[in-house]
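One-letter residues, chain by chain:
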Amino acid sequence: MNKRLAVMESGKVNTALLYLGMPTIVGLLMTGFYNFIDSFFVAQLGTAAMGAISIAYPLVTFIPGIGLLFGNGAAAYISELLGASEKKKAEIVLSSTLFYCVLASVGFQLVLLFLRPLLRAMGASAEVMPYALNYTGILIVGFLFQIPSICLMNLVRAEGAVALSTWSQIVGSMVNIILDPIFIWPLKMGIVGAAVTDVIGQFISVAILLPYYLRGKSYLTLSVKNIRFQSWSIKPILKTGIPIFTINLFQSLSISAANIVASPYGDNTIAALGIANRMVGMTTFAITGFSRGYQTFISYNYGARHFDRIKEATRKAYLWAISGGVILAGLQILFAQPIVAAFSRDPSVVKLGIRAMIGASVLFFTYGFQAMAIVYLLCIKYSKSGFVFSISRQGIIYLPILILMERLWMENGIYYAQAVADLITTFVMLVFLVWTRQKRTDALREPPLRTDALSPAQEREACSGALNEKNTDAQGPAAGDGERKR
């Protein structure tokens, strides 16, 4: 049995969660740290430049959602297929998913045609607009590499290659951090230099990940011949991927909405929100990284029908994520002043930034619970509920709360809107989980793979050679196990 898959199959739950989660946490934190450092360098160019990257930040958070839509959705399905010993199907899903991501990255370039009105709608003032156009225009070109990069990070993790996924993020981020000050000052490129280094970093990440498949180092084979546009492979990807994508979409919309609501208060307020969003965004990556490892683990064990391991992992995931959220929130509040002061020498921006940091952090620990609950619901095929909750925290609950609180408490209402939305979302999720406890237990016992829904021709095409591989491939997930009953 492949050692990486063996950890998910029979390793200690604590060990498996750490093995799958820690590298992803480190990789995402490194990405968040780069965004943080990038903001720090750009902030030295003035409040207008900081305002520009604050305006662009919603796009920075939205685009990874496209990579996650396909990559994360496919990763969960591939893990489930490997748990059920369906290697050939997993290879079809792998190849098709990467192709979808490439198409999406090319199609997104159309945004360049109406970039100026888009930035204006997102809250860019006349002073900020030139900086925002230069910075965002280059970032959009870089999405040609970023979307496939994020997709590949998730795909390699599906078969347990979490270290490679992490390494690609670390190297790409380190290149950005090293080149950023060089391009901004010695090369005198300013905010354009910051955007260019980001594109270089994304290209390097893709260059690290692709050889894993092209050189045959992977357990699964990537091949153009395996690309399909068939419902049996697309639907499971979308069921898990759309809610994850929606989280990024509404995160992007919520940041844009906050910038729009804050724009009457001036560029200083938008800059302060941008600083807080970058800092809280980095710590959010830690929780998100752990949830990705947890997702891989329970997806595999759901396919393998190991329900006790799912239950044990879920209990530990809640405990660890909530505890980590408490620690991170405490650090953000404790060090709010020096963090914000590092970005701006303007006393007004510092004062507003501290308030924004505290407002965003005070109930941040609830995000740990929410993230694990959403992943759990999605992976046990409670997709509709997972979808609704995925758009709650920064969507259907946050947006009306933001508007209401701004009208009642003006700037302070903007800063504390997320905390109130977190409180309401967590309460509703707790009520739902208690109410549906028995139903979810029954859902766990339903067949995870509905191959009977395929036509005979599709079944033969998808599974050709799978039974032989199960008995002959000593590295396969089912070597020596025989055929599973469904």
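Relevant structure appears above.
Conventions and cut-offs
- Residues numbered from 1 in each chain as written.
- Predicted model: local features only at pLDDT ≥ 70, side-chain atom pairs only at ≥ 80, totals over all residues.
- Heavy atoms only, no water.
- Helix = DSSP H or I, 4+ residues; strand = E, 2+ residues; numbered from the N terminus.
- Rg over C-alpha atoms; globule rule 2.2 N^0.38 Å.
- Buried < 20%, exposed > 50% of the residue type's maximum accessible area, 1.4 Å probe, protein only.
- Contact = heavy atoms within 4.5 Å.
- Areas by Shrake-Rupley, 256 points an atom, 1.4 Å probe, with all protein chains shown as cover.
- Lys, Arg positive; Asp, Glu negative; His and termini not counted.
- Charge placed at Lys NZ, Arg CZ, Asp CG, Glu CD.
- Axes fitted to C-alpha atoms, helices over the stretch in contact; angles between N-to-C directions.
- Parallel < 35°, antiparallel > 145°, perpendicular 65-115°, else oblique.
- Left-handed = near helix turned anticlockwise from the far one by under 90°.
- Nonpolar A, V, L, I, M, F, W, Y, C, P; charged D, E, K, R; others polar.
- Salt bridge = Lys/Arg side-chain N within 4 Å of Asp/Glu carboxyl O.

K.L.:
Go over the overall build of the protein chain with me, naming the residues and quoting the values.
P.N.:
Looking only at helices and strands, the protein chain features 20 helices and zero strands. Here the C-alpha atoms of the protein chain give a radius of gyration of 22 Å, agreeing with the 23 Å that 2.2 N^0.38 yields for 486 residues. Each principal axis of the C-alpha distribution contributes one length, and for the protein chain these read about 70 × 50 × 35 Å. Every one of the 486 residues in the protein chain was classed for burial, and the buried ones make up 60%. Counting only contacts in the protein chain whose residues sit at least 6 apart along the sequence, the fraction spanning at least 24 positions is 83%. In the form shown here, the protein chain has an accessible surface area of approximately 19300 Å², with 67% of it arising from carbon and sulfur atoms. With 40 positive and 25 negative side-chain charges, the protein chain shows a separation of 2 Å between the mean positions of the two kinds.

K.L.:
Quick rundown of the packing of helix H12 (residues 336-343) against helix H13 (residues 347-361)? Include the residues and the values.
P.N.:
Put simply, H12 and H13 touch, their axes get as near as 9 Å, and they point 135 degrees apart. Viewed along their axes, H12 and H13 adopt a mutual orientation that is oblique. Note on packing geometry: the crossing formed by H12 with H13 is right-handed. On H13, the residues touching Ala 336, Gln 337, Ile 339, Val 340 and Ala 341 of H12 are Val 349, Val 350, Gly 353, Ile 354 and Met 357. Partitioned by chemical class, the residues of the contact of H12 with H13 number eight nonpolar, two polar and no charged.

K.L.:
Just give me the short version of the pattern of salt bridges, but keep the residues and values in it.
P.N.:
For the structure on display, the rule yields one salt bridge. The closest approach of N and O atoms between Arg 393 and Asp 422, which form a salt bridge, is 2.6 Å. Placement of the pair is Arg 393 in helix H16 (residues 392-396) and Asp 422 in helix H17 (residues 398-435), with a sequence separation of 29 residues. The residues Arg 393 and Asp 422 share a single accessibility class, namely buried.

K.L.:
Report on the environment of Glu 86, specifying residues and quantitative values.
P.N.:
Along the chain, the position of Glu 86 falls in the loop between helix H3 (47-83) and helix H4 (87-107). Judged by relative accessible area, Glu 86 falls into the buried class, the value being 5%. Each C-alpha atom of the pair Glu 86 and Gly 303 lies 9.8 Å from the other, and the pair is 217 residues apart in sequence.

Keep in mind that these numbers describe shape and distance, not what the molecule does.
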